Amino acid sequence: MTMPAASVLTFVRAALLVLLLALPTLAPSADLPGGASRPSMAFGALGLLPGDSVYRLPVALTDQDGRNFHLADRRGSLQLVSMFYTSCPYVCPLIIDTLKKTQHALTADEAARLQVLLVSFDPERDTATRLKEVFGQRKIDGASWTLARTDTQSVRKLAAVLGVQYRKLANREINHSTAIVLLNTDGRIIARTDKLGDVDADFVAALRKAIAATGD
Amino acid sequence: MERVRRMLCVLTLFAGTAAAADYVAVPGGTFSSVLPADDKAADVVVEPFRLRSVPVTNAEFLAFVASHPEWRRDRVASVFAETRFLSQWQAADQLGNDALADQPVTQVSWFAAQAFCENEGARLPTWNEWEFAAAADATRADARGDPAWREAILLWYSQPSGKALAPVGGEANLYGVRDLHGLVWEWVDDFNALLVASDSRDQGDPDRLQFCGAGALNLRDRDNYAVLMRIAMLSSLKAADTTANLGFRCAKSIE
């Protein structure tokens, strides 16, 4: 604790005042849980990830089969990522349609190199069981798609890192912006689209380019 | 023992000053937010919570960075903070003359603010919590209808932002919370819930459909420019952004 105190002494301002004001904040606070901070967001066993990789964010997820995984586990292949919720009446079905159309705009070989990850805004209601039902209802390809949920705080952080806005209303509907994000193999956002309904040709072009660049 | 001695020293010399990082109780209640709970007119319910009485200072954030070096400006991952992060500090581990110890820390990203609060067992306040606390003046829980109060806040917004920030510890409001107005803008937990975007103009175009349900925000109390400016500012930010006038304070739920 001497280092910050030493630096404040150099201030032009009344050094004593500044020092005394700073001290109680530098001392450990009595109501902290024994100094045991929560896991840091920035580091882990992630090694050489680029600084702008969304995989820097630790997000614990559960998929439609109840399997636990971490966002960073998706590293190594191209990912289409978006957010949705199953009780969404209007836009979210469109998100699923758009993702399907985008996949279908690719050749089978190209599509095989791409995974789709949809994370729920609504972990309270979107249980793994509920997510699983969507596969049947919407005839979703189980080989390339993952529907997942996480905790409320991680939803906020994931949305922040993907640049998605959302807001829960009193009637439990959720207003949200739409983004389909393309992550490269290291989790960097390399393309995004907010176009729904039809395929975004520019986005598909970016997708093709990324698939070609990833190679075998 | 050392800590007790320090605390006594501070208490003796500075009884009554508000610079200690303490949390004060905010009662909560039914509240008419500028952002209605149903996007039409419904009031929001704010549960009782505790709020830091003053914004987080440079000295406090420096102590956090010292114990969590992954948040040093020369080590932080760019996904969590842009290049201006803590750029007013003299060095990654030193404040210098442009960042005094008791000034509010600014140039901090939402992710960095989150990490600081989590480290002290807290979180960022929600927009509605912040708005509830900030509606009070020194004597009234909700001063927002008072033209003089609004005028005073707008006066701050009209000041040029070039001059140095004052130290934390302005006048206390009804709950003992200080500096909600007149010092810095502040991050809130759900800054990315404030969907005031140009996108609302696209609602009629199905190719550009942006929002589930009711669309973009329906703002109530459109005369409250001070609050609306704050929402507009927060909604324009990305979570890694930092600005010279944007700081934060933490909140705690009451279990």
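Residues numbered from 1 in each chain as written. Chains lettered and ligands numbered in written order. Predicted model: local features only at pLDDT ≥ 70, side-chain atom pairs only at ≥ 80, totals over all residues.

**Topic: the overall build of chain B**
This is how the line gets drawn: Segments assigned H or I by DSSP are reported as helices when at least four residues long, segments assigned E as strands when at least two residues long, and all are numbered from the N terminus. Three exposure classes are used, all based on how many other C-beta atoms lie within 10 Å of a residue's own C-beta (placed from the backbone): buried at 20 or more, exposed at 12 or fewer, and partly exposed between those limits. By definition, residue pairs are in contact when their C-beta atoms, positioned from the backbone, come within 7 Å.
When helices and strands are tallied, chain B shows 6 helices and 7 strands. Shown N-terminal to C-terminal, the secondary structure of chain B runs as helices and strands in the order α-β-β-β-β-α-α-α-α-β-α-β-β. Here chain B, with 255 residues, has 44% of them falling under the buried criterion. A separation of at least 24 residues holds for 74% of the contacts in chain B among residues at least 6 apart in sequence.

**Side note on the environment of B:A99**
Positionally, B:A99 belongs in the loop between helix 2 (58-67) and helix 3 (110-119). Excluding anything up to four places from it in sequence, B:A99 contacts B:N58, B:Q88 and B:W89.

**Observations regarding the confidence of the model for chain A**
Counted only if it meets this: One confidence number per residue, pLDDT, is output by the predictor and ranges from 0 to 100.
Confidence along chain A averages 80 in pLDDT terms, with 77% of residues attaining 70 or more. Of the regions scoring below 50 in pLDDT, residues 1-46 of chain A engages in 81 contacts with residues more than four places distant in sequence or in other chains.

**Things to note about the packing of helix 5 (residues 147-158) of chain B against helix 6 (residues 225-235) of chain B**
All names here are of chain B. Quick reminder of the rule: Helix axes use the C-alpha atoms of the stretch in contact, all axes being lines fitted to C-alpha atoms, and the angles between their N-to-C directions lie in the range 0 to 180 degrees. Roughly parallel here means an angle under 35 degrees, roughly antiparallel means over 145, roughly perpendicular means 65 to 115, and every remaining angle is called oblique. Three classes are used: nonpolar for Ala, Val, Leu, Ile, Met, Phe, Trp, Tyr, Cys and Pro, charged for Asp, Glu, Lys and Arg, and polar for all others, with Gly counted as polar.
Direction vectors running N to C along helix 5 and helix 6 enclose 40°, while the axes themselves pass 9 Å from each other. Comparing their axes, helix 6 and helix 5 come out oblique. Listed contacts from helix 6 to R150, I153, L154 and Y157 of helix 5 are Y225, A226 and M229. Residue composition of the contact of helix 5 with helix 6, grouped by class: 6 nonpolar, no polar and 1 charged.

**Some remarks on the sheet that holds strand 1 (residues 23-26) of chain B**
Sheets are built from strands that pair by backbone hydrogen bonding, the pairs being arranged parallel or antiparallel. All names here are of chain B. Here is the rule we go by: Pairing between strands requires that DSSP locate at least two bridges from one strand to the other.
Strand order in the open sheet formed by 3 strands is 1-4-7, and the pairing between neighbours is antiparallel. Lying at the two open borders of the sheet, with one neighbouring strand each, are strand 1 and strand 7 (251-253). Ignoring strand direction, the axes of neighbouring strands in this sheet form an average angle of 25°. With 4 bridges connecting them, strand 1 and strand 4 (residues 49-52) associate as antiparallel partners. Bridging from a neighbouring strand, Y23 pairs with R52 of strand 4.

**Side note on the pairing of strand 9 (residues 189-193) of chain A**
Residues and elements named next belong to chain A. Direction of pairing for strand 8 (residues 180-183) relative to strand 9: antiparallel, over a ladder of 4 bridges. When the sheet's bridge partners are listed, V181 is paired in strand 9 with R192. Connecting strand 8 to the antiparallel partner strand 9 that follows it, the hairpin turn spans 5 residues, and G187 within it adopts a positive phi of roughly 85°.

**So, helix 5 of chain B**
An α-helical segment advances 3.6 residues per turn. Residues three or four places apart therefore align on the same side. What counts is decided by this rule: What a helix is expected to span follows from its residue count: subtract one and scale by 1.5 Å.
With 12 residues, helix 5 of chain B extends 16 Å from end C-alpha to end C-alpha; this agrees with the ideal 16 Å at 1.5 Å per step. Of all the 12 residues making up helix 5 of chain B, 1 are buried; the element is thus mostly uncovered.

**Comments concerning unusual backbone geometry**
Positive phi outside glycine occurs at A:K139, with the angle close to 50°. Here A:K139 shows up in the loop between helix 5 (128-137) and strand 5 (145-149). In this structure, B:D179 is a non-glycine residue whose phi angle is positive, near 70°. Here B:D179 shows up in the loop between helix 5 and strand 5 (185-186). A count of 25 C-beta atoms within 10 Å places B:D179 in the buried class.

**Details of the sheet that holds strand 3 (residues 78-84) of chain A**
All names here are of chain A. Spatially, the 7 strands line up as an open sheet ordered 2-1-5-4-3-8-9, and their pairing is mixed. Edge positions in the sheet fall to strand 2 (68-70) and strand 9, since each has one partner strand and no second. Here the strands of the sheet are splayed against their neighbours by 30° on average, with no regard to which way each runs. Strand contacts of helix 3 (residues 91-104): strand 3, strand 4 (114-120) and strand 8, with the helix running at about 165° to strand 3, the strand carrying the most contacts. The sheet strands contacting helix 7 (residues 201-214) are strand 3, strand 4, strand 8 and strand 9, and the helix crosses strand 9 at an angle near 155°.

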